[in-house]
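An overview of the molecular structure
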Amino acid sequence: MNHKTRMLRIFATLILCCMTARGFGQGAKLQLDNLNKLGDKAARVTDVTLDGSLLSFAVSLIEKMDEEGDKDIAQLKSIIKGLQGIYVKSFEFDAPGQYSKADVEAIRAQLAAPRWTRIVQSSDKHTNEHDEIYLLKNGEHVAGVTILVAEARELTVVNIVGEVPIDKIAALERHFGGEKNSSKSKHKKESGHDDE
Amino acid sequence: MHFSDDDLRAALKRKDPGEGFTQRVMARVEQAKAEGKTQPAKKSNGSGFLLGWWKLRPAWALAVAAILLLGFAWGGYEYAEYRHQQIAQQERQRLEDLKPQQEEAEQARDQAILALRIARSKLNHVLEQAQIPVPADKIRRQRL
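Residues numbered from 1 in each chain as written. Chains lettered and ligands numbered in written order. Predicted model: local features only at pLDDT ≥ 70, side-chain atom pairs only at ≥ 80, totals over all residues. Heavy atoms only, no water.

Brief notes about the overall build of chain B
Note the threshold: Numbering of helices and strands runs from the N terminus; a helix is a DSSP stretch of H or I covering at least four residues, while a strand is a stretch of E covering at least two. Working definition: with a 1.4 Å probe on protein chains only, accessible area under 20% of the residue-type maximum means buried, over 50% means exposed, and in between means partly exposed. Computed with a 1.4 Å probe, the accessible areas rest on the Shrake-Rupley method; for each residue, only the protein chains presented here act as cover.
For chain B, the helix and strand inventory stands at five helices and zero strands. In chain B, the succession of α and β elements from N to C terminus is α-α-α-α-α. Within the span of chain B, comprising 144 residues, buried residues form 17% of the whole. Only carbon and sulfur atoms are counted for the fraction: they give 60% of the accessible area of chain B, which is about 11,900 Å².

Structure (structure tokens):
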């Protein structure tokens, strides 16, 4: 095999690797548009779509934040730097039964094995609550996380794409994002999400 | 006009310069020397005038010099102020141009924080529902 052919093969392999990595990144993003119709029925809607240049803006601003005396900001910086996209859709309803099983199934269908792995599942028949956490792994690394919370009066889907340090997210301070960082996002109504 | 040889000969014939020719020549040379010394003074008429003014009216000359100095200082100050204002104006314009981008970035940051807040909240909720111990750090805080 001459030098030229070998170089071409290396180049082709590199391109293939890049495309695979990109494909994995994009594959972690879920199609959540089918939930948009629930916005009219919901009392509270939170819709966050953050990727590409907007996420880069956010990362650059968060990295400039002063972490003096605030462990959360340091934690936040380490979480956000590996992310490629954050997508949240959360609907809170005044009455139960406002969303259908099909709405949830449309999301769940995208979280099928073998790509996605369900790591946590819990259901409560009394409260009609069904919660799941899915993980997308790329070798040893986490390439995406989806949290699906389906309660009688609430439906929340959190889809995070990229290297997601779940343990760090779970360990963020209780007050994180509350008083210190008031949200001005474009969601319809401010979500009342805090610790349940 | 036609000249004959005799005419030319008569015209170019030696003539006696007369008595005291040498003295007259020397006198003219001396006179020319004396005139040569005073000539440059005539040429530098302007500085001579100022020098003359300085000699005649030193106070006035000082006053003119002071006014000129003040004029230059004031002009320099005004120019520096003008440049300063111009730079400040340019900086304001630059910041004004960056404002929408900055607002967009701040909005994106707030959205990211909100999204992570929801993610944390839901993650911990699901873990609690599934009766999986939440991270030790959080347990410690809750006990506190």
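Right, picking up where we left off after that structure.
Observations concerning the pattern of salt bridges
A side chain of one charge can pair with a side chain of the opposite charge if their charged atoms are brought near each other. To keep things clear, this is the line we draw: The salt bridge definition used is simple: a Lys or Arg side-chain nitrogen within 4 Å of an Asp or Glu carboxyl oxygen.
Enumeration according to the criterion identifies nine salt bridges over all chains in this entry. With a shortest N-O distance of 3.0 Å, Lys37 of chain A and Asp103 of chain A are connected by a salt bridge. Of the two residues, Lys37 of chain A is situated in the loop between α1 (3–27) and β1 (44–51) and Asp103 of chain A in helix α4 (residues 101–110); the sequence distance between them amounts to 66 residues. Its relative accessible area of 5% is what places Asp103 of chain A among the buried residues. Arg109 of chain B is the salt-bridge partner of Asp110 of chain B, the closest N and O atoms lying 3.4 Å from each other.

Comments concerning the pairing of strand β3 (residues 116–124) of chain A
All names here are of chain A. Short version of the rule: One requirement defines pairing of two strands: DSSP has to find at least two bridges between them.
Bridge count for β3 against strand β4 (residues 129–138) is eight bridges, and the pairing is antiparallel. In the sheet register, Ser122 faces β4, and the bridge partner there is Asp131. Counted between consecutive antiparallel strands, the loop separating β3 from β4 contains four residues, among which Asn128 sits at a positive phi close to 55°.

Considerations on α4 of chain A
Residues and elements named next belong to chain A. Counted only if it meets this: By construction, the arc corresponds to the directions joining the helix axis to the C-beta atoms. Residue contacts are defined here by distance: any two heavy atoms, one from each residue, within 4.5 Å place the two residues in contact.
Inspection of α4 places Asp103, Val104 and Ile107 among the buried residues, and these make up the whole buried set. When α4 is viewed along its axis, its buried side chains cluster within an angular range of 95° and face the same direction. Facing away from the buried side of α4 by over 90 degrees, the exposed positions are Lys101, Ala102 and Ala109. In this fold, the buried residues of α4 make contact with β5 (141–151) and β6 (154–162).

Let's talk about the confidence of the model for chain B
Residues and elements named next belong to chain B. As a reminder, the rule being used: For every residue, the predictor states its confidence as a pLDDT score lying anywhere from 0 to 100.
In this model, chain B carries a mean pLDDT of 81, and residues with pLDDT of at least 70 account for 83%. The lowest-confidence element of chain B is helix α5 (residues 136–143), averaging 45 in pLDDT; the highest-confidence one is helix α4 (residues 58–129), averaging 89. Below pLDDT 50 for its whole length, residues 138–144 participates in 13 contacts with residues either more than four positions away or in separate chains.

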